[in-house]
Amino acid sequence: AAAYVAQKQEELMALNPTAAVPFEGEFQGNAFPPAVFAAGQNAIVTRSSGEESGCSIYEVFLTAMGPQYNVYLGQNEAGEPIFKWCGESDLRAY
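Residues numbered from 1 in each chain as written. Predicted model: local features only at pLDDT ≥ 70, side-chain atom pairs only at ≥ 80, totals over all residues. Heavy atoms only, no water.

(A) Broad picture of the overall build of the protein. For the protein, the helix and strand inventory stands at one helix and five strands. Going residue by residue from the N terminus, the α and β elements of the protein occur as α-β-β-β-β-β. Across its three principal directions, the C-alpha atoms of the protein cover 50 × 35 × 20 Å. Every one of the 94 residues in the protein was classed for burial, and the buried ones make up 20%. Residue pairs in contact within the protein that sit at least 24 positions apart in sequence constitute 41% of those at least 6 positions apart. A total accessible area of about 7,100 Å² is found for the protein, and carbon and sulfur atoms account for 54% of it. Seen as two clouds, the 4 positive and the 11 negative side-chain charges of the protein have centres 9 Å apart. (Helix = DSSP H or I, 4+ residues; strand = E, 2+ residues; numbered from the N terminus. Buried < 20%, exposed > 50% of the residue type's maximum accessible area, 1.4 Å probe, protein only. Contact = heavy atoms within 4.5 Å. Areas by Shrake-Rupley, 256 points an atom, 1.4 Å probe, with all protein chains shown as cover. Lys, Arg positive; Asp, Glu negative; His and termini not counted. Charge placed at Lys NZ, Arg CZ, Asp CG, Glu CD.)

Right under this line is the structure:
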C-alpha cells in the first residue's frame, strides 16, 4: 500500500502543483466544515454489511455537506486496491 501511495504522490508532484495562499480581504463564500481525519491517518470504517474494518484515510474532500473520505481497505484477490467513499458518520478513530 505504501508503494502505491508513494507512486501516486510522485505523479501528483510531477504535475507541478501550486501552493495554497491565504485569502486576503473579506471572505464572502461558504465555509466548509473542517475534517476530523487527515490523509494517512488510520481509522475504523463501517462497511455496507454493517461490519467494521480497519482502514487508512487516502483522500479528504471538504464539501458543503461535510467532509468526504476515500479510505483504503486493502487489496482484493487480484492484488488491486479496494477503496470506499464515506462520510464522517461511517468513521471512528482507530
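(B) Region of interest: the layout of surface pockets. Of the volumes computed, that of the largest pocket is approximately 280 Å³. Along its surface, the largest pocket is lined by Val5, Lys8, Gln9, Leu12, Ala39, Tyr58, Glu59, Val60 and Phe61. Going through the elements one at a time, α1 (2–14) and β2 (52–61) are the ones with two or more residues in the lining of the largest pocket. (1 Å grid on protein atoms, 1.4 Å probe; cavity = no way out; pocket = protein on both sides within 12 Å on 5 of 7 lines; lining within 4 Å. Points joined across faces, edges and corners; volume = space filled by probe spheres on them.)

(C) Region of the structure containing the pattern of salt bridges. Following the criterion strictly, the structure yields two salt bridges and no others. Between Lys8 and Glu11 there is a salt bridge; the shortest N-O distance is 3.5 Å. Of the two residues, Lys8 and Glu11 are both situated in helix α1; the distance of three residues between them amounts to about one turn of the helix. For Glu11, a relative accessible area of 38% gives the class partly exposed. For the salt bridge of Glu52 with Arg92, the shortest nitrogen-to-oxygen distance reads 2.8 Å. Of the two residues, Glu52 sits in strand β2 while Arg92 sits in strand β5 (residues 91–93), which places them 40 residues apart along the sequence. Judged by relative accessible area, Arg92 falls into the partly exposed class, the value being 42%. (Salt bridge = Lys/Arg side-chain N within 4 Å of Asp/Glu carboxyl O.)

(D) Fine view of the pairing of strand β3 (residues 68–75). With six of eight residues buried, β3 lies mostly within the body of the structure. Sheet topology places β2 next to β3; five bridges connect them, and they run antiparallel. Paired with Glu59 across the bridge in β3 is Asn70. Linking β2 to β3, which pair antiparallel, is a turn of six residues; within it Gly66 sits at a positive phi near 105 degrees. With seven bridges connecting them, β3 and strand β4 (residues 81–87) associate as antiparallel partners. Bridge assignment links Val71 to a residue of β4, and that residue is Lys84. Counting the residues between successive antiparallel strands, the hairpin from β3 to β4 contains five residues, one of them, Gly79, with a positive phi of roughly 85 degrees. (Pairing = 2+ DSSP bridges.)

Shape descriptors only; they carry no functional weight alone.
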